[in-house]
Amino acid sequence: MSDGVGVACRESRVGAFLNLRGDAADPGFRNVAASVTGVELPVEPCTWRRHAGHAAAYWLGPDEWLLAMQNGVGVDLESRLRDVLDPRCSVVDVSGAHVQVELSGEDAGKVLQKSSPYDFDPRNFGVGRCVQTVFAKATALVAAREADAFDIVFRRSYADYLLRWLEDAAAEYNASDGRSP
Amino acid sequence: MLRIRCPYCQEARSEEEFSHAGEAHIPRPANPDASSDAQWGEYLHLRRNPRGPHREMWVHTAGCRRYFNVLRDTVNYEILATYAMGERPADEPEEGAL
C-alpha cells in the first residue's frame, strides 16, 4: 500500500463468471469441471480456491459454485463445459450479472465489518474463506484473498449503490479509488 | 435478532440473511385426484399454530439460498435445532409439547 492510504478499492477485470451446479459427492463431475476450467471446486462450505491469475471457484451452496475466469478464457467455456458435463448438471454464463471489486488495505476489514451483519473478524474470516451475506442492504459474495485484501462480487444492478456505499464507508480510513498514484 | 445455524453453510448467521417459509413436514396427498376437497384444502391451507416447539422451514435467502428445517420454540423464540431437508431427528421434543 502507498503511504497514508488505509483502504483501496478497484474493479477487478474478470473475463467471465459462470454459475455451475452439479453433485458435489460425484468425483467424476468435479474432475471434469476441474480439467476444463483449471480450477478445483471447493467442497468445504464457505471456501474458495484460486488458480493462476484471477481464475477462482467460489462455494455458493452444497451443489453450486461460481467460477470467475481470467480475461479471454471464459468466452466459449460455457459451451465447452456443457459438451463434457452430465446433462443433469447446469452451467450458466452470468458474466453480465456480476461485478467484482478488490478492497485492500489495512482498514479494509473494518469497512466490511461496517457493511454487514457477518463476522468479518480475521479470527473468523481467514484467507480462503468466502461468504454470501447481507451487504449494505444488498447482497454480496465476499472472499478473503489475503489478510488485508478481499474480493467482493455483487450484482451489476447494485454496482452504483454499493460503490458509493464503499466510498462513503471507506472515507474515514483515508481511502483511495485505485486510480490516483 | 435470532442467530440461525444454516446446516449447509455450517455456520450461525444473522436472522437478516434468512426468510421464514412456513410449517415443515407437510406431506402432499399421494394421489391428488383421489383426495377429497376437504383433504386437499387442508393440505393447501390449514396449518398448526402450536404454543411451544414448532417445526418450520426457513430459507437462507442472502446466503446459500437453500431451504432447511428449524425447530423453534414459539414462546421464547429459542432455536432448538436446525437440520437439512429430508432429515427429521427423532430425539427432539414433540411439537407443541408444553
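Residues numbered from 1 in each chain as written. Chains lettered and ligands numbered in written order. Predicted model: local features only at pLDDT ≥ 70, side-chain atom pairs only at ≥ 80, totals over all residues.

All right, on to the confidence of the model for chain B then. For chain B, per-residue confidence averages 90 on the pLDDT scale, and 91% of positions sit at 70 or higher. Model confidence for the complex is summarised by a pTM of 0.89, with the ipTM given as 0.87. (pLDDT = per-residue confidence, 0-100.)

Residues and elements named next belong to chain A. If you check the domain split of chain A, you get domain 1 (7-12 + 98-176) and domain 2 (16-96). Each of domain 1 and domain 2 has a C-alpha centre, and the two are 23 Å apart. Listed as interface residues are 11 residues of domain 1 and, on the opposing side, 13 residues of domain 2. Secondary-structure elements contributing two or more residues to the side of domain 1 that touches domain 2 are strand S7 (98-104), strand S8 (130-135) and strand S9 (138-146). Sorting elements by how many residues they give to the side of domain 1 that touches domain 2 places S8 first, with three residues. Split into classes, the residues belonging to the side of domain 1 that touches domain 2 amount to four nonpolar, five polar and two charged. (Domains from an automatic or database assignment. Contact = placed C-beta atoms within 7 Å. Helix = DSSP H or I, 4+ residues; strand = E, 2+ residues; numbered from the N terminus. Nonpolar A, V, L, I, M, F, W, Y, C, P; charged D, E, K, R; others polar.)

A few words on the interface of chain B and chain A. How big an interface is tends to be reported as the loss of accessible area on association of its parts. Residue-level contacts link 13 residues of chain B with 11 residues of chain A. Its residues placed into classes, the side of chain B that touches chain A shows four nonpolar, three polar and six charged.

Further remarks concern the sheet that holds strand S5 (residues 67-73) of chain B. Residues and elements named next belong to chain B. Sheet architecture is open: four strands sit in the order S3-S4-S5-S6, paired in antiparallel fashion. In this open sheet, the two edge strands, each paired with only one partner strand, are strand S3 (19-23) and strand S6 (79-83). Strand-to-strand twist across the sheet, computed as the mean angle between neighbouring axes with direction ignored, equals 30°. Two strands pair when backbone bridges link them, and S5 and S6 are joined in this way by four bridges, in the antiparallel orientation. Within S6, the position partnered with Arg72 by the bridge is Ile79. (Pairing = 2+ DSSP bridges. Axes fitted to C-alpha atoms, helices over the stretch in contact; angles between N-to-C directions.)

It is worth spelling out the nonpolar core at this point. In a soluble, globular protein the nonpolar side chains are often hidden away together inside. With 64 residues, the main nonpolar core has Tyr58(A), Trp65(A), Leu67(A), Leu103(A), Cys130(A) and Val142(A) as its most contacted residues. What Cys130(A) contacts, discounting residues up to four positions off in sequence, is Cys46(A), Thr47(A), Trp48(A), Tyr58(A), Trp59(A), Leu141(A), Val142(A) and Ala143(A). (Core = buried A, V, L, I, M, F, W, Y, C linked by C-beta atoms within 7 Å. Buried ≥ 20, exposed ≤ 12 C-beta atoms within 10 Å, placed from the backbone.)

Turning our attention to the confidence of the model for chain A. As a note on interpretation, predicted positions should not be read in detail where pLDDT is low. For chain A, per-residue confidence averages 90 on the pLDDT scale, and 92% of positions sit at 70 or higher. Within chain A, the lowest mean pLDDT, 73, falls on strand S11 (residues 175-176) of chain A, and the highest, 97, falls on S8(A).

This part is about the packing of helix H3 (residues 108-115) of chain A against helix H4 (residues 159-170) of chain A. Residue and element names in this part refer to chain A. Running from N to C, H3 and H4 cross one another at 120°; their axes reach a closest spacing of 10 Å. Regarding H3 and H4, the two cross each other, and that crossing is right-handed. Facing Val111, Lys114 and Ser115 of H3, the residues of H4 in contact are Trp165, Leu166, Ala169 and Ala170. Looking at the contact of H3 with H4 residue by residue, the class counts come to five nonpolar, one polar and one charged. (Left-handed = near helix turned anticlockwise from the far one by under 90°.)

As a further point, take the sheet that holds strand S2 (residues 16-21) of chain A. One key point about sheets: their strands pair by backbone hydrogen bonds, in either a parallel or an antiparallel sense. Residues and elements named next belong to chain A. In space, the five strands of this open sheet follow the order S3-S4-S5-S2-S6, with antiparallel pairing throughout. At either margin of the open sheet sits one strand with a lone partner, and together these are strand S3 (48-50) and strand S6 (90-93). The average undirected angle you get between the axes of adjacent strands in this sheet is 20°. Relative to the sheet, helix H2 (residues 77-84) contacts S2, strand S5 (64-69) and S6, its axis offset from that of S6 by approximately 170°.

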